[in-house]
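# Coordinate analysis (summary)
Residues per chain are reported as follows:
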Amino acid sequence: MARHIVARTSDIPPGGNKVFGVEGRDIVVFHVNGEFFALLNRCPHEGAPLAKAACVARLTSPEPGVYERSRVGELLRCPWHGWEFDMRSGQSWFDPKRVKVRSYPVAVESGEELQKGPYVAETFPVHVEDNYVIVEV
Amino acid sequence: MSDVIDRPILAEEVAAQSRLRIIDCDVHPSIHAHSDIEQFMPKRWQEHLRTYGSHLRTPYIGTTPYPRSSPLIARRDAWPPTGGPPGSDLDFMRKQHLDPLDIEYGILQVLDLFIFSQQNLEFGAAIQRAINDWQLAFWSDREPRLKASILAGQDDTEFAIAEIERCAKIGRYVQINVCPRANEPLGRRRYWPIYARAQELGLPLGIHVGGYGGHAPTGGGWPSYYVEEHQSNAHTMAAQLTSLVLEGVPERFPNLKIVFIEGGFGWIPSATWRMDRHFEAFRSEVPHLKRRPSEYVKEHFWFTTQPIDEPDEAKHLRSLIEWVGADRLLFSSDYPHWDFDDPRYAFKTPLTETERRKIFNGNARALYKL
């Protein structure tokens, strides 16, 4: 897997997302509660753009009439048919063994580290004071 | 059920989709603002709309307003950048739907203002008439790919006939729409004048799911959840197919063509098998039927595909298509609603080239004389 510097952390506001073309794929990077998650920008069902998905909480019910919300903002709800996927793993909530969105490892590294390493993007203006979002594809 | 899509979209996939022009039999345009239809309404009804709005026969407060599953039951990516509700911006509809999916024709299905469910029949008639005019002025006149349907609320049969005559004279509509949730089942004789006129005019009768009649949407009563009610669309369509066939509508109107819209098609085989079997036992009760119910279904009815049922095994969908018959199916997307079907991915089983041509284009072209 190659590492691709896709953005500054400040480019993607909290609760927001941005789509990047990486090796012919459209990859969407979400910023949730200070963490970044990268997924293929297509629902595995009919190809809807997940960048338009709702970022929702995991809603569970141990028994009828009792409802619990957790992991607020970490579940994706597809903009078309409402299929839910776990942003961390890309796994579908209703059928995790059979249906998942491809997810990609994401790292945040400081500009200083990037300057030292082999992955400095020539075309990116690198400011050592910033942090960068790196997606492995 | 699908595997992970983990690859770029290939150039040849885009090419394949454009090889077959698509006739989409269920496209929903929306009113951008009430002022858009006011120009087609007498002052008296403009004031009524502003003062009283809809009077619907629903049992619970809050059962009709949106959202339902998704704001305005719409795809989250279908909100026009220019503002207004999904389906209200023609340019955006062209850019998001008609152009990229290579839609040759889209048949318009208007649901706004609960036109078929108004209990004030004169108000209902006024907004049906306004929306019939609006469909041409705002959509078909500006975009020749979009074809209008004559909305004719069947509970006021006299008005419905007058509206059908008025629109038929204009000559630009491809279908006459009535509602599956009317006061009585669709096979009842009170509605037959509409069927007689549709047959004479050679216009198919379209029946799109939805509406708020006075009856519970399920045979078991009023459901608690939207997911239950959504499921009931198929039951309602099955009940109306049964009513139309067994009360003798296709027998009485042998050239009438009937299209069931947005009811899917998974339920059809068992509904017709059951009707046939019962017909053998009960035929003396319905001697007006000259043939088995399934024969009427095979000759008089068409079914739009969305929402397509998705069995765990693709071969079961394959069997469904064969049982219903590729001749009876019309592709529909339901754009811009949340359960939209993308023509490239909706069928989770391979279709032969002949089947594809029929379902995506040929059947609708012949039926609507496009």
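Before going into details, it helps to say that this report is about the structure given with it. (Residues numbered from 1 in each chain as written. Chains lettered and ligands numbered in written order. Predicted model: local features only at pLDDT ≥ 70, side-chain atom pairs only at ≥ 80, totals over all residues. Heavy atoms only, no water.)

## With respect to the packing of aromatic side chains
All names here are of chain B.
- On inspection of all chains with the given rule, the structure shows 16 aromatic pairs over all chains.
- Here the aromatic rings of Trp192 and Phe253 are separated by 5.7 Å at their centres, their planes lie at 80°, and the arrangement is edge-to-face. One end of the pair, Trp192, is in helix H7 (residues 192–201); the other, Phe253, is in the loop between helix H9 (249–252) and strand S6 (258–261), with 61 residues separating them in the sequence. In this structure, Trp192 and Phe253 share a single accessibility class: buried.
- Note on Phe331 and Phe360: the rings are 5.1 Å apart at their centroids and 35° apart in plane angle, and the pair reads as tilted. Separated by 29 residues along the polypeptide, Phe331 in the loop between strand S8 (329–330) and helix H13 (353–367) and Phe360 in helix H13 bring together distant segments of the chain. (Phe/Tyr/Trp six-rings, centres within 6.5 Å; stacked < 30°, edge-to-face > 60°. Helix = DSSP H or I, 4+ residues; strand = E, 2+ residues; numbered from the N terminus. Buried < 20%, exposed > 50% of the residue type's maximum accessible area, 1.4 Å probe, protein only.)

## Focus: the environment of Ile321(B)
- Note on placement: Ile321(B) falls in helix H12 (residues 314–324).
- For the pair Ile321(B) and Thr349(B), spaced 28 residues apart in the sequence, the C-alpha separation amounts to 9.8 Å.

## Quick notes on the sheet that holds S6(B)
Residue and element names in this part refer to chain B.
- The strand order across the open sheet built from eight strands is S1-S2-S3-S4-S5-S6-S7-S8, with neighbouring strands paired in parallel fashion. Edge strands, defined here as strands with exactly one partner in the open sheet, are strand S1 (22–27) and S8.
- As defined by bridge partners, strand S3 (residues 146–151) adjoins strand S4 (residues 173–178) across four bridges and the pair is classed as parallel. By the bridge assignment for S4, Leu151 is matched with Asn177.
- Most of the contacts of helix H8 (residues 226–246) go to S6, to which it runs at about 170°, and overall it touches strand S5 (205–208), S6 and strand S7 (301–304). (Pairing = 2+ DSSP bridges. Contact = heavy atoms within 4.5 Å. Axes fitted to C-alpha atoms, helices over the stretch in contact; angles between N-to-C directions.)

## Thoughts on the interface of chain B and chain A
- With 25 residues of chain B in contact, the opposing surface of chain A contributes 25 residues.
- For the pairing of chain B and chain A, the buried interface totals around 2200 Å² over both sides, and the portion due to carbon and sulfur atoms is 48%.
- At the junction of chain B and chain A, the tally comes to zero salt bridges.
- The tally of links between chain B and chain A comes to ten residue pairs in polar contact (both at pLDDT 80 or more). (Buried area = accessible area lost by both parts, 1.4 Å probe. Salt bridge = Lys/Arg side-chain N within 4 Å of Asp/Glu carboxyl O. Polar contact = N/O pair within 3.5 Å; in protein donor to acceptor, adjacent residues only side chain to side chain.)

## What about the nonpolar core?
- Core analysis: the largest hydrophobic core is formed by 119 residues, its most contacted members being Val29(A), Tyr195(B), Phe260(B), Phe265(B) and Phe303(B).
- The leading source of residues in this core is helix H5 (residues 121–140) of chain B, at eight residues.
- Discounting chain neighbours no more than four positions away, the residues touching Phe260(B) are Ile207(B), Met237(B), Gln240(B), Leu241(B), Leu244(B), Trp267(B), Phe301(B), Trp302(B), Phe303(B) and Thr304(B).
- Counting residues in each nonpolar core, the second largest holds twelve residues, with Val174(B), Val259(B), Trp302(B) and Tyr368(B) among its members. (Core = buried A, V, L, I, M, F, W, Y, C linked by side-chain atoms within 4.5 Å.)

## As for the sheet that holds strand S9 (residues 106–110) of chain A
Residue and element names in this part refer to chain A.
- Across the sheet, which stays open at both edges, the three strands sit in the order S1-S10-S9 with antiparallel pairing between neighbours. For this open sheet the edge positions go to strand S1 (3–8) and S9, each flanked by a neighbour on one side alone. Ignoring which end each strand starts from, the neighbouring axes of this sheet average 35° apart.
- Where S1 lies against strand S10 (residues 131–136), five bridges are found, and the strand directions are antiparallel.

## Examining empty space enclosed by the protein
- Going through the model one piece at a time under the given rule, you end up with two cavities of 30 Å³ or more.
- As for the largest cavity, its lining consists of 29 residues, and the residues nearest its centre are Leu111(B), His208(B), Val209(B), Gly210(B) and Gly211(B).
- Going through the elements one at a time, S4 and H8 of chain B are the ones with two or more residues in the lining of the largest cavity.
- If you tally residues by element for the lining of the largest cavity, the top one is H8(B), at four residues.
- Classifying every residue of the lining of the largest cavity gives 14 nonpolar, nine polar and six charged.
- Here the second largest cavity is characterised by a volume of approximately 40 Å³.
- Around the second largest cavity, the lining residues are Arg77(A), Cys78(A), Pro79(A), Trp80(A), His81(A), Gly82(A), Ser69(B), Ser70(B), Arg76(B) and Trp338(B).
- For the lining of the second largest cavity, the residue count by class is four nonpolar, four polar and two charged. (1 Å grid on protein atoms, 1.4 Å probe; cavity = no way out; pocket = protein on both sides within 12 Å on 5 of 7 lines; lining within 4 Å. Points joined across faces, edges and corners; volume = space filled by probe spheres on them. Nonpolar A, V, L, I, M, F, W, Y, C, P; charged D, E, K, R; others polar.)

## Things to note about the pattern of salt bridges
All names here are of chain B.
- A complete count under the given rule lists 36 salt bridges over all chains for this structure.
- Measuring nitrogen to oxygen at the nearest pair gives 2.8 Å for the salt bridge that ties Arg172 to Asp141. Of this pair, Arg172 sits in the loop between helix H6 (157–170) and S4 while Asp141 sits in the loop between H5 and S3, and the two are 31 residues apart along the sequence.
- Residue Glu184 pairs with Arg188 through a salt bridge whose shortest N-O separation is 3.7 Å.
- You can call Glu184 partly exposed: its relative accessible area is 27%.

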